[in-house]
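Chain by chain, the residues:
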Amino acid sequence: MAKVLLENIKRKFNNVTAIEDISLEIPDGEFWVLVGPSGCGKSTILRTIAGLETATSGNLYIGDRLVNDIPARARDVAMVFQNYALYPHMTVRENIAFGLQMRKVDPKTIQQRVLTVATSLALDHLLDRKPKQLSGGQQQRVALGRAIARQAQLFLLDEPLSNLDAQLRDDTRAELKQLHQQLGITTIYVTHDQVEAMTLADKIVVLNQGKIQQIGDPQSIYALPANEMVASFLGNPPMNILHAIYKGDTFDISGQLLQIPPNFQQNLKLNLGEIYHLGIRPEHINIAENLGGLTVEVKVVEPLGRETLIRVSLPGSSSFINVQIGGNVRLHPGEKLNLQLDLNQLFLFNSHTGERMFPLL
Ligand code: ATP
């Protein structure tokens, strides 16, 4: 096991800056998830740590060792990619054993380790099959098994679940979490899936356009996103962002007036007539019996059994507001609703920079 330290790592491809001045300190044994939209640089960071890319500048340490000039095979890291890259002509047993054989581990140890790993991944009954005789989920577990068997000091996983169907993805995700709890190997995991990030991570690193937006544990990032990008990226459905003009005691939202919460007035100095971005999560909006909230029109209703997702829009606005109501709510497109926003759960973002203005820290 090892801690990992990135110091001002940059990677340019000709004139494209894939990663810009990334510094991270990942403690020994933790599970960190790099998350962000396509092209934000997360795979480049992972490949740089693995030694498959060379940083344009900066220093990279695995454990206490500076590895800038150490080739991939000597870094003692195990990688699992989205495409499992199993050897098709080898059995599951041979695939799992391969890395150990390459390192000339003695055959008895290999045999024991393959069996232990296969049992922990529920592959022990499949050891004599070839990859094409396995389901996608089983193949991905073999790829994980091959990485685990190596007992590397660092695990690097790049979207390892994205080829699996929804149910299998949920199951394998839970298995991965359990495995990490058992083995405690430092793990860096890349995904664009915010659910994977939230459920797996000790710490999440949210990236955008090659830059770190925020680092923190899932609950803290969800509760206190640093900016609008993070707020809209984590959470499904995402946080609603409403364009609000400051009018003194009220915000004007597409011509409707919303009372300004007292804590905004006390803590912020807002400029009359200026546009701010007001954030509210779908679970913090309710359907109100009486008037006084925002009048909206129902566009789409998605009953999920335990909850109902409703997409509504303000009159004259083409953008949706997502509302999440517990239980079954019977509504129809075209119906008018009155929404009550929980004023204690409002966020305010600077409309130019996207920085969070409220809540304050
Ligand atoms: P995705 O989720 O789509 O895999 P990502 O966040 O992992 O995206 P990267 O693959 O790290 O993003 O790419 C970051 C940026 O660097 C992108 O703009 C990409 O086009 C660019 N890039 C990556 N590899 C190369 C390369 N070999 N040559 C030129 N540009 C590259």
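Bear in mind that the values here come from a model prediction, so they are computed numbers and not experimental data. Throughout, residues of each chain are indexed from 1 in the direction in which the sequence is written. Totals for whole chains, interfaces and linings use every residue, but because this is a predicted model, local features are given only for residues with pLDDT of at least 70 and side-chain atom pairs only at 80 or more, for both listing and counting. Water and hydrogen atoms were dropped before computing side-chain values, which therefore reflect all heavy atoms in the structure.

**Points about the site of the ligand**
Nearness is defined per residue: one heavy atom within 4 Å of the molecule or strand is enough. In the region of the ligand, the neighbouring residues are Phe13, Ala18, Pro37, Ser38, Gly39, Cys40, Gly41, Lys42, Ser43, Thr44 and Glu159. As used in this structure description, the phrase polar contact means that two N or O atoms lie within 3.5 Å; if the pair is within protein, one of them must be able to donate a hydrogen and the other to accept it, and residues adjacent in sequence are counted only when both atoms belong to side chains. Between an oxygen atom of the ligand and a side-chain N or O atom of serine 38, the distance comes to 2.6 Å. The side chain of lysine 42 places a nitrogen or oxygen atom 2.6 Å from an oxygen atom of the ligand. It is helix α1 (residues 42-50) that contributes the most residues to the shell around the ligand, three residues altogether. As a working rule, the residues Ala, Val, Leu, Ile, Met, Phe, Trp, Tyr, Cys and Pro are called nonpolar, Asp, Glu, Lys and Arg charged, and the rest polar, with Gly in that last group. Of the residues contributing to the shell around the ligand, the split by class is four nonpolar, five polar and two charged. Strands here mean DSSP runs of E at least two residues long; helices mean DSSP runs of H or I at least four residues long; both are numbered from the N terminus.

**Thoughts on the pattern of salt bridges**
Pairing between side chains of opposite charge can happen when their charged atoms approach one another. In what follows, salt bridge is the name for a side-chain nitrogen of Lys or Arg lying within 4 Å of a carboxyl oxygen of Asp or Glu. Enumeration according to the criterion identifies nine salt bridges in this entry. Two residues, glutamate 297 and lysine 336, come together in a salt bridge whose shortest N-O distance is 3.5 Å. Taken together, the residues span a long stretch of sequence, with glutamate 297 in strand β16 (residues 294-303) and lysine 336 in strand β19 (residues 336-341) at a distance of 39 residues. Partly exposed residues are those whose accessible area sits between 20% and 50% of the maximum for their type, while under 20% is buried and over 50% is exposed, using a 1.4 Å probe and protein chains only. Under the relative-accessibility criterion, glutamate 297 is labelled partly exposed at 24%. Residue classification places lysine 336 among the exposed positions, given a relative accessible area of 55%. Ionic contacts of the salt-bridge type, sharing partners, join the residues Arg11, Arg47 and Glu53 into one network.

**Things to note about the packing of aromatic side chains**
Here is the rule: rings of Phe, Tyr and Trp (six-membered ring for Trp) pair when centre to centre is within 6.5 Å. Planes less than 30 degrees apart are stacked, more than 60 are edge-to-face, and the remainder are tilted. Evaluated as defined, the whole model comprises six aromatic pairs. Each residue in the set Tyr246, Phe251, Phe264 and Phe358 is aromatic and connected to the rest through ring pairs, giving one cluster. The residue whose ring lies beneath arginine 281 is tyrosine 222, and the NZ or CZ to ring-centre distance is 3.7 Å. Two conditions define a charge sitting above a ring: the NZ of Lys or the CZ of Arg must be within 6 Å of the ring centre, and it must be within 35 degrees of the ring normal.

**Section: unusual backbone geometry**
Look at the link from asparagine 236 to proline 237: it is a cis peptide, with omega at 0 degrees. Looking at where proline 237 falls in the secondary structure, it is placed in the loop between α8 (228-233) and β11 (240-246). Even without a glycine there, the phi angle at aspartate 76 is positive, about 60 degrees. Note on placement: aspartate 76 falls in the loop between β5 (65-66) and β6 (77-80). For aspartate 76, a relative accessible area of 30% translates into the label partly exposed. Of note in this structure, glutamine 151 is not a glycine but carries a positive phi near 50 degrees. Residue placement: glutamine 151 occurs in the loop between α4 (136-149) and β7 (154-158).

**Focus: the sheet that holds strand β21 (residues 356-358)**
Any two strands with at least two DSSP bridges between them are considered paired. With antiparallel pairing, the six strands of this open sheet are ordered in space as β13-β12-β11-β14-β20-β21. Bordering the open sheet on either side are β13 (256-259) and β21, each of which pairs with just one other strand. Taken pair by pair, the neighbouring strands of this sheet meet at an average axis angle of 40 degrees, ignoring direction. Where β11 and strand β12 (residues 250-253) come together, two bridges link them in antiparallel fashion. Directly across from isoleucine 245, in β12, lies its bridge partner aspartate 252. In this analysis, axes come from line fits to C-alpha atoms, helices being fitted only over the stretch in contact, and the angle between any two N-to-C directions falls in the range 0 to 180 degrees.

**Examining the sheet that holds strand β4 (residues 57-62)**
Read from one edge to the other, the open sheet built from four strands follows the order β2-β1-β4-β5, with strand pairing classed as antiparallel. Two strands in the sheet have a free side with no partner beyond their single neighbour: β2 (16-26) and β5. The pairing of strand β1 (residues 4-13) with β2 spans seven bridges and is classified as antiparallel. Across the sheet, residue lysine 12 finds its bridge partner in β2, namely threonine 17. By definition, residues are in contact when any of their heavy atoms lie within 4.5 Å. Seen against the sheet, α1 touches β1, β2 and β4 and runs at an angle of roughly 115 degrees to β1.

**Considerations on the pairing of strand β10 (residues 211-216)**
With five bridges connecting them, strand β9 (residues 203-208) and β10 associate as antiparallel partners. Among the inter-strand pairings, asparagine 208 is bridged to a residue of β10, identified as lysine 211. Two successive antiparallel strands, β9 and β10, enclose a turn made up of two residues, where glutamine 209 displays a positive phi of approximately 50 degrees.

**So, helix α5 (residues 166-183)**
The periodicity of an α-helix, 3.6 residues per turn, causes residues three or four places apart in sequence to face the same way. The first and last C-alpha atoms of α5 sit 26 Å apart over 18 residues, in line with the 26 Å expected at 1.5 Å per residue. Thr172, Arg173, Leu176, Leu179 and His180 are the residues of α5 that are buried. For α5, the buried positions fall inside an angular range of 125 degrees around the axis, keeping them on one side. Exposed residues pointing more than 90 degrees away from the buried face of α5 are listed as Gln167, Gln181 and Gln182. Expected span of a helix: the number of residues minus one, times 1.5 Å. Arc, as used here, means the arc of the directions from the helix axis to the C-beta atoms.

**Quick look at helix α3 (residues 107-120)**
For α3, with 14 residues, the first-to-last C-alpha span of 20 Å sits near the 20 Å given by 1.5 Å per residue. All of the buried residues in α3 are Ile110, Arg113, Val114, Val117 and Ala118. Taken end-on, α3 shows its buried residues confined to a sector of 130 degrees, consistent with a single buried face. Away from the buried face of α3 by more than 90 degrees, exposed residues Lys108, Gln111, Gln112 and Thr116 are located.

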